[in-house]
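Now for the letters of each chain:
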Amino acid sequence: MAAATANTTFPKPFPLTSSFKSSIPISKSTLPFSTSPQEPTPSLAFHVSSSLSQPGSNPRSAAAATTVIPITAPSQDFVSRYAPDEPRKGADILVEALEREGVKDVFAYPGGASMEIHQALTRSKIIRNVLPRHEQGGVFAAEGYARSSGLPGVCIATSGPGATNLVSGLADALLDSIPIVAITGQVPRRMIGTDAFQETPIVEVTRSITKHNYLVLDVDDIPRVVSEAFFLATSGRPGPVLIDVPKDIQQQLAVPKWNQPIRLPGYVSRLPKAPGEAHLEQIVRLISESKKPVLYVGGGCLNSSEELRRFVELTGIPVASTLMGLGTFPSSDELSLQMLGMHGTVYANYAVDKSDLLLAFGVRFDDRVTGKLEAFASRAKIVHIDIDSAEIGKNKQPHVSVCSDVKLALQGINRILESTGANLKLDYSAWRQELNEQKLKYPLSYKTFGEAIPPQYAIQVLDELTGGDAIISTGVGQHQMWAAQFYKYRKPRQWLTSGGLGAMGFGLPAAIGAAVANPGAVVVDIDGDGSFIMNVQELATIRVENLPVKILLLNNQHLGMVVQWEDRFYKANRAHTYLGDPANESEIFPNMSKFAEACGIPAVRVTRKEDLRAAIQTMLDTPGPYLLDVIVPHQEHVLPMIPSGGAFNDMITEGDGRTQH
């Protein structure tokens with residue numbers, strides 16, 4: 001625990017310096033201020049038996065998770081800018097600690113309490129700062145970076161309002177299990193608790209929306225705290241970690257000790273172990289006994305795509321994906337049922353409803369998937385594999401559960417299947433034929449009205465012209481669901497969306513993060529006019545950084561998803577969901593192209609279906625960023641739809657805002 005020096009007194013201290021979201025016990029020295037100098041802790045080593053390595057993730061964290069901790073000498077080729085015994089500022093120690101974690105890019109917006117960190121960043125030859133125009137843009141960009149690369153994203157903000165502007169992004173990262181390290185400046189230690197200018201107790205504010213957080217009160221703790229933060233963010237179930245650094249700590253001179261051991265014995269002891277062979281054999285036995293099995297896969301499978309594909313190859317079991325799991329299994333594969341849940345396909349929801357075995361891998365039985373819990377997979381035995389023990393049995397009680405990394409569990413199951421597969425004689429052809437009939441009977445579809453552009457068609461054309469290979473980010477609303485339904489994702493980390501939190505304004509900054517992490521990739525923000533305008537200022541970042549982000553803006557002048565609910569459940573009474581100018585409804589307002597032009601980004605509006613394909617091709621062919629403003633009708637509804645709290649039998653497949661409900 002970070003502690004202050006003995007001779008400093010502080011009014012109104014924060015009660016705790018760090019916190020876990022989970023029930024893992026906090027170290028016994030939880031008070032932020034000690035009355036005697038903190039004794040150095042001898043180097044301890046904790047063995048971790050589960051292998052939590054992740055493709056594309058930080059190699060240091062993977063190694064730590066499979067061997068021992070003390071942590072981490074830097075890579076042998078790391079060369080410090082400083083002599084070993086040369087004092088340097090705490091801010092320089094912080095920046096070098098990031099360098100030693102392999103950080104190459106950060107999204108940092110400066111302020112009074114974080115100026116020292118920014119000054120130190122200018123001295124780094126390794127780390128590039130991509131300057132957002134709002135701290136929320138910075139944390140969403142860090143998420144886009146992490147979601148698209150598998151590496152932890154890093155954002156930095158100042159104290160007070162800068163720190164509180166990170167809150168939505170931290171909550172989003174926690175709900176979607178995204179590895180983020182957020183660093184905030186804080187007022188000097190002597191001023192903590194005095195209601196100083198731009199002071200907020202950000203550790204307290206974010207306690208329940210971070211995996212862990214720190215208030216650093218001793219400059220000597222910086223190397224250990226940063227190592228712990230990256231280890232926590234990337235191990236087990238990933239999540240956001242916040243480090244709050246007072247300004248006087250940033251300014252204090254010190255000689256860093258880089259090989260400090262991590263002090264997380266409770267957390268490390270609770271990391272999931274390798275799955276037991278008996279449990280895996282039991283799962284294989286259930287598979288062999290079932291007639292109508294279905295896979296229900298989520299974001300927990302993003303690092304297990306190869307193992308999942310091999311499992312499907314060995315068994316022939318069809319795959320339904322959550323919103324977060326899109327891309328873990330190719331959407332165009334004949335065994336893909338695409339997305340299940342509230343706006344999932346009829347056949348995916350049919351498969352779960354009729355199944356006799358539900359293989360739930362890396363999922364949390366979210367309400368937008370299950371609807372009415374008692375009716376969800378009510379005929380099925382349920383196998384739940386998840387890395388987070390808190391998720392097992394939280395919403396739906398499984399018949400067999402394994403708390404483990406899905407990757408390890410699938411590797412073990414595949415080994416058993418490969419050795420005994422010939423004897424099992426798995427044959428689900430009748431079940432697959434039944435589901436294929438549902439696919440033919442209830443395909444994803446839409447209607448066209450005159451020259452109007454169906455939003456679903458726009459996404460279909462984008463899918464065709466990009467070959468299904470683009471990285472797609474979205475805001476939240478109807479366009480998000482259509483992007484999930486009509487773009488055919490081929491691989492993991494192509495699909496970046498705010499799932500659990502549903503944060504509007506996510507799409508544009510997330511695309512920035514993806515473009516930074518994946519230079520040369522085609523990155524498209526499929527956005528709605530409501531979401532887009534919430535972080536429209538990030539167009540400036542895109543232009544200054546010359547990031548080739550393409551924006552396909554589905555502009556219907558309304559908050560489309562809320563309008564859909566008004567149509568269905570509130571007799572189409574419009575309650576502040578029109579985003580245009582009520583005094584001039586015949587004109588498109590605001591003119592989104594003007595925002596782009598103000599930032600030197602080419603922009604075109606398209607209103608007719610016959611012009612759309614050429615317009616999208618021009619967008620893709622134009623070097624650098626581009627905004628395509630696609631005007632679509634606001635009467636469209638996202639279908640299918642299972643009303644909130646409903647069951648499969650309540651599914652809506654017909655109608656839109658042109659008809660009464």
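Parameters and conventions
- Residues numbered from 1 in each chain as written.
- Predicted model: local features only at pLDDT ≥ 70, side-chain atom pairs only at ≥ 80, totals over all residues.
- Heavy atoms only, no water.
- Axes fitted to C-alpha atoms, helices over the stretch in contact; angles between N-to-C directions.
- Helix = DSSP H or I, 4+ residues; strand = E, 2+ residues; numbered from the N terminus.
- Parallel < 35°, antiparallel > 145°, perpendicular 65-115°, else oblique.
- Contact = heavy atoms within 4.5 Å.
- Nonpolar A, V, L, I, M, F, W, Y, C, P; charged D, E, K, R; others polar.
- Salt bridge = Lys/Arg side-chain N within 4 Å of Asp/Glu carboxyl O.
- Buried < 20%, exposed > 50% of the residue type's maximum accessible area, 1.4 Å probe, protein only.
- Pairing = 2+ DSSP bridges.
- Right-handed = clockwise from strand over helix to strand, strands pointing away.
- Core = buried A, V, L, I, M, F, W, Y, C linked by side-chain atoms within 4.5 Å.
- Phe/Tyr/Trp six-rings, centres within 6.5 Å; stacked < 30°, edge-to-face > 60°.

Asker: Break down the packing of helix 4 (residues 135–149) against helix 6 (residues 167–176) for me, with residues and values.
Answerer: The interhelical angle for the contact between helix 4 and helix 6, taken along N-to-C directions, is 25 degrees, at an axis separation of 8 Å. Classed by the angle they form, the pair helix 4 and helix 6 counts as roughly parallel. Two secondary-structure elements touch here, helix 4 through Gln136, Val139, Phe140, Glu143 and Arg147 and helix 6 through Ser168, Gly169, Leu170, Asp172, Ala173 and Asp176. Grouping the constituent residues of the contact of helix 4 with helix 6 by class yields four nonpolar, three polar and four charged.

Asker: Describe the pattern of salt bridges, and please don't skip the residues or the numbers.
Answerer: All told, the structure shown has 37 salt bridges when counted by the stated rule. Where Arg100 meets Glu96, a salt bridge forms, and the shortest distance between an N and an O atom there is 2.9 Å. Here Arg100 and its partner Glu96 are both found in helix 2 (residues 90–100), four residues apart, which amounts to about one turn of the helix. With respect to class, Arg100 is no different from Glu96; both count as buried. The closest approach of N and O atoms between Arg658 and Asp656, which form a salt bridge, is 2.7 Å. Judged by relative accessible area, Arg658 falls into the partly exposed class, the value being 32%. Exposure remark for Asp656: the relative accessible area of 9% places this residue in the buried category. A cluster of three or more residues bridged by salt bridges with shared partners is formed by Glu143, Arg147, Asp172 and Asp176.

Asker: Requested: an account of the sheet that holds strand 20 (residues 523–528), with residues and values cited.
Answerer: The strand order across the open sheet formed by six strands is 19-18-20-21-23-22, and the pairing between neighbours is parallel. Each edge of the sheet is formed by a strand with only one pairing partner; in this case those strands are strand 19 (495–496) and strand 22 (603–606). With four bridges joining them, strand 18 (residues 471–474) and strand 20 adopt parallel strand pairing. Bridging from a neighbouring strand, Thr474 pairs with Ile526 of strand 20. Docked against the sheet, helix 17 (residues 455–466) engages strand 18, strand 20 and strand 21 (549–555), running at close to 160 degrees with respect to strand 21.

Asker: Pulling in residues and values, what's your account of the pairing of strand 22?
Answerer: On a regular strand, one side chain projects to one face of the sheet and the next to the other, so that they alternate. Both strand 22 and strand 23 (residues 626–631) contribute to a ladder of four bridges, which runs parallel. By the bridge assignment, Val604 is partnered in strand 23 with Leu628. Taken together, strand 22, helix 24 (residues 609–621) and strand 23 constitute a β-α-β crossover, and its handedness is right-handed.

Asker: For the side chain of Ser531, give the residues involved together with the corresponding values.
Answerer: Its place among the elements puts Ser531 in helix 20 (residues 529–534). Residue Ser531 is classed as buried on the basis of its relative accessible area, which comes to 2%. Each residue touching Ser531, except ones within four places of it in the same chain, is listed here: Gly475, Val476, His479, Met504 and Gly505.

Asker: So, the sheet that holds strand 17 (residues 400–403): which residues are in play, and what are the values?
Answerer: Across the sheet, six strands lie side by side as 14-13-12-15-16-17; this open sheet has parallel pairing. In the strand order of this sheet, the two ends are held by strand 14 (336–339) and strand 17, each with one partner. Neighbouring strand axes in the sheet, compared pairwise and without regard to direction, differ in orientation by 15 degrees on average. Here two bridges tie strand 13 (residues 319–321) to strand 14, and the two strands are oriented parallel to one another.

Asker: How would you sum up the environment of Val319? Please name residues and give values.
Answerer: Note that Val319 resides in strand 13. The class of Val319 is buried, set by a relative accessible area of 2%. Not counting chain neighbours up to four residues away, the residues in contact with Val319 comprise Leu295, Val297, Val312, Phe329, Leu335, Ser336, Leu337 and Gln338.

Asker: Just give me the short version of the nonpolar core, but keep the residues and values in it.
Answerer: Generally speaking, soluble globular proteins have nonpolar side chains that are buried together. Judged by nonpolar contacts, the single largest core of 54 residues is most densely connected at Ile283, Leu295, Phe311, Leu358, Leu359 and Phe361. The residues touching Leu359, leaving out its near neighbours within four places in the chain, are Ile283, Ile287, Val294, Leu295, Tyr296, Phe311, Ile317 and Val383.

Asker: Requested: an account of the packing of aromatic side chains, with residues and values cited.
Answerer: Working definition: an aromatic ring pair is given by the centre-to-centre distance plus the angle between the planes. Evaluation of the coordinates by the stated rule reveals twelve aromatic pairs. Look at Phe107 and Tyr145: their rings are 6.0 Å apart centre to centre, the planes differ by 70 degrees, and that puts the pair in the edge-to-face class. One end of the pair, Phe107, is in strand 5 (residues 105–108); the other, Tyr145, is in helix 4, with 38 residues separating them in the sequence. Of the two residues, Phe107 and Tyr145, neither departs from the other in class, the shared state being buried. With a centroid separation of 5.9 Å and 70 degrees between ring planes, the pair formed by Tyr446 and Phe486 is classed as edge-to-face.

Asker: Which residues make up unusual backbone geometry, and what values do they have?
Answerer: Residue Pro590 is bonded to the preceding Phe589 through a cis peptide linkage, with omega at -10 degrees. Omega for the bond connecting Leu639 with Pro640 falls within 30 degrees of zero, at 0 degrees, which places this linkage in the cis form. Notably, Gln338 is not glycine yet its phi reads approximately 60 degrees, a positive angle. The residue Gln338 is located in strand 14 in this model. For Gln338, a relative accessible area of 12% corresponds to the buried category. Despite not being glycine, Arg493 has its phi angle at roughly 70 degrees, a positive value. Inspection of the secondary structure assignment puts Arg493 in the loop between helix 18 (478–486) and strand 19. The buried category is assigned to Arg493, whose relative accessible area is 18%.

Function cannot be read off these values alone, since they describe shape.
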